[in-house]
Number of protein chains: 2
Amino acid sequence: MKALVHTEKTGFDGLSYREMPDILPKAGEVRVKLKTAGLNHRDLFVLNRHKPTDPPLIIGSDGAGVIDAVGEGVQNVQVGDEVVINPGIGWKEKSDAPPEGFEILGLPDHGTFAEQVVVPADNVVQKPQYLDWEEAGVFSLAALTAYRALFTRGRLRAGMTVLIPGIGSGVATFLLQFAKAAKATVYVTSRSQEKCKRALELGADKAIDSNEDWNQALGGEKVDLVIESIGAATFNKSLDQLRPGGTVVTFGASAGDDIQINIRKFFYGQYNLLGSTMGSAEEYKEMLQFMEAHQIKPVLDQMYPLNQFKQAFNRMEEAAQFGKVGFFMGGNRYWTLRR
Amino acid sequence: MKALVHTEKTGFDGLSYREMPDILPKAGEVRVKLKTAGLNHRDLFVLNRHKPTDPPLIIGSDGAGVIDAVGEGVQNVQVGDEVVINPGIGWKEKSDAPPEGFEILGLPDHGTFAEQVVVPADNVVQKPQYLDWEEAGVFSLAALTAYRALFTRGRLRAGMTVLIPGIGSGVATFLLQFAKAAKATVYVTSRSQEKCKRALELGADKAIDSNEDWNQALGGEKVDLVIESIGAATFNKSLDQLRPGGTVVTFGASAGDDIQINIRKFFYGQYNLLGSTMGSAEEYKEMLQFMEAHQIKPVLDQMYPLNQFKQAFNRMEEAAQFGKVGFFMGGNRYWTLRR
């Protein structure tokens, strides 16, 4: 089968579109013939974490397709079922942290940027019928991250005000859609006027320039919750925007890991800072119900054939996208670009 | 009446033991003839926050005594009642932050380092009978801070493991006593061998040298909860000691306000950082019930006559104390030092 494989060299240079041997599902596993897959920032990090001396690795966490082989003892699906994949392996119930041994598909196990992937049967769920294949393949990791950050960790309720710095990423667009569906007031920031415009079209109540004074741009209004994924570049601006007793949920650091905070200001404000990553299978199912109930579809930025992976990675590295970037599989020649 | 007054000069040099006019309670207020008062770190901060150009200020937050005058409409106490004072003014119900206008007794209003203090009637509670006057006068601010940090914010439950860096302060000794009463496992740190010994006598399960490698000293054992009041000097050691999904509650920064953290490590750990200060009247009453149910008495370090205030402040500034430092009032000559 064709696959996007990382080998020999660290980073992007080690990536190639090439032939790999087919894999067979073991007991409790299923093989999915993939129709689409979604690109995440994680796929960039993986290129630096996977050692060139390790065996070649098929990267990719998100995907959707059709079951084409099942291992012994699999009960929940059968050959021919249309499924989406939960990329979180080994985290079943909602808990304050994943259990020992939790991994995300695409490192160390072979991922979804291929014509086939083998995953535990527990990690596939029937494809929601209201989503087409492009939508079904690209949402899992980002939507699950957004769901846990916003609801499990941030405890968002109707009537609350939430700030999302850096609208544009897949997770950020889900945060915006989920928070509006939950009847919150939503403010977003971006350095791009175009992305601010898109966010307003998608339902944001205010969209401000990230480089401005946020407090001024929001008319001095403080917020209940900030979902922070930028890191050093925006962290203290986010903290300054909280009402007393307010909460920052952090799940990313795309612009710097090391942050400095004044802890006295933090405890006088009775603030909360809560870390989040991914989510459990229980949250994945809750999230699918929530999305279906509100008919939420991922914002699709651009789909590429898998062999044009360089353009896809470039688009994400340049933060040019609004919403999800994805792949359709090489074998499926009938796919056409949506835009 | 005699009082400890801050005036004319910033800081400690502006402090003097002198005569001040008596105060009368207005409607809804009571006057307490003080028998004892407790010293807190706040009393040091106040000396820098109170401007020499402002009217002279009687400092002090903690105290206990006898009601000797009541204003109009006061129902809950009468002249002659023995009471303790809740120094938090204007924060009634448990909430995620105090309401606008919340103040602590001793700035901007006259405090307890005097023969008399006037407070809202809501801020006095009958003195618990199992406490003597020395104990009753010194616990309020520290015990309330410890109670909110540990239970409301940290959600301590039986069976959890909690780490208290820097045992010795009034709050830290309450944290230790409260956590043991709640059937938690408690580890403490101190730079002082003597304080480690005292903490073990008071029930700590382990007491380690603050300068050691904590992870090694605790045999690699991680904890559910850290109650952090030291700040920059220990913050990252505290964070490193958390289990995945664990919580740091922060309420102090005696050794540095500015902390640097790696936010990626923080969110991968699914950590929680929660700020806390003081507590509400509701928590004060819960705390009194908890203390009485478990017969918890404050650890008394040293009581001084109020005119020997310099020795008391020195003892706290040098962090020489284990437990509470307090004053008995000048007029009560019958008081004798316990140690």
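Residues numbered from 1 in each chain as written. Chains lettered and ligands numbered in written order. Predicted model: local features only at pLDDT ≥ 70, side-chain atom pairs only at ≥ 80, totals over all residues. Heavy atoms only, no water.

- Per an unreviewed UniProt entry, chain A is named Alcohol dehydrogenase, and its organism is Effusibacillus dendaii.

### Considering the environment of Trp133(A)
Here is step 1 of the chain: With respect to the secondary-structure elements, Trp133(A) resides in helix H2 (residues 133-138).
Here is step 2 of the chain: Linking Trp133(A) and Glu318(A), residues 185 residues apart in sequence, is a C-alpha distance of 26 Å. (Helix = DSSP H or I, 4+ residues; strand = E, 2+ residues; numbered from the N terminus.)

### Observations regarding unusual backbone geometry
All names here are of chain A.
Here is step 1 of the chain: Residue Pro-108 is reached from Leu-107 by a cis peptide bond, and omega for that bond is 5°.
Here is step 2 of the chain: Position of Pro-108 among the secondary structure elements: in the loop between strand S8 (103-104) and strand S9 (116-120).
Here is step 3 of the chain: In the Ramachandran plot, Ala-319 falls in the positive-phi region, its phi being about 50° despite a non-glycine side chain.
Here is step 4 of the chain: Its place among the elements puts Ala-319 in the loop between helix H10 (309-317) and strand S19 (324-328).

### Section: the pattern of salt bridges
Here is step 1 of the chain: Across all of its chains, the model carries 25 salt bridges over all chains by this definition.
Here is step 2 of the chain: Residues Asp96(B) and Arg243(A) are paired through a salt bridge, measuring 3.2 Å at the closest nitrogen-oxygen approach. Residue Asp96(B) is located in the loop between strand S7 (88-89) and strand S8 (103-104), and its partner Arg243(A) is located in strand S15 (residues 242-250); the two belong to separate chains.
Here is step 3 of the chain: For Arg243(A), a relative accessible area of 26% gives the class partly exposed.
Here is step 4 of the chain: Here Lys2(B) makes a salt bridge to Glu19(B), at a shortest N to O gap of 3.9 Å. Separated by 17 residues along the polypeptide, Lys2(B) in strand S1 (residues 2-6) and Glu19(B) in strand S2 (residues 15-19) bring together distant segments of the chain.
Here is step 5 of the chain: Owing to a relative accessible area of 35%, Lys2(B) belongs among the partly exposed residues under this scheme. (Salt bridge = Lys/Arg side-chain N within 4 Å of Asp/Glu carboxyl O. Buried < 20%, exposed > 50% of the residue type's maximum accessible area, 1.4 Å probe, protein only.)

### Re the domain arrangement of chain A
Residues and elements named next belong to chain A.
Here is step 1 of the chain: Its domain assignment divides chain A into domain 1 (2-139 + 298-328) and domain 2 (145-275).
Here is step 2 of the chain: The gap between the C-alpha centroids of domain 1 and domain 2 is 28 Å.
Here is step 3 of the chain: Of the residues lining the interface, 14 residues belong to domain 1; the matching set on domain 2 comes to 13 residues.
Here is step 4 of the chain: Interface area for domain 1 against domain 2, summed over the two sides, is near 1,100 Å², with a carbon-plus-sulfur share of 63%.
Here is step 5 of the chain: The residue makeup of the side of domain 1 that touches domain 2, split by class, is 8 nonpolar, 3 polar and 3 charged. (Domains from an automatic or database assignment. Contact = heavy atoms within 4.5 Å. Buried area = accessible area lost by both parts, 1.4 Å probe. Nonpolar A, V, L, I, M, F, W, Y, C, P; charged D, E, K, R; others polar.)

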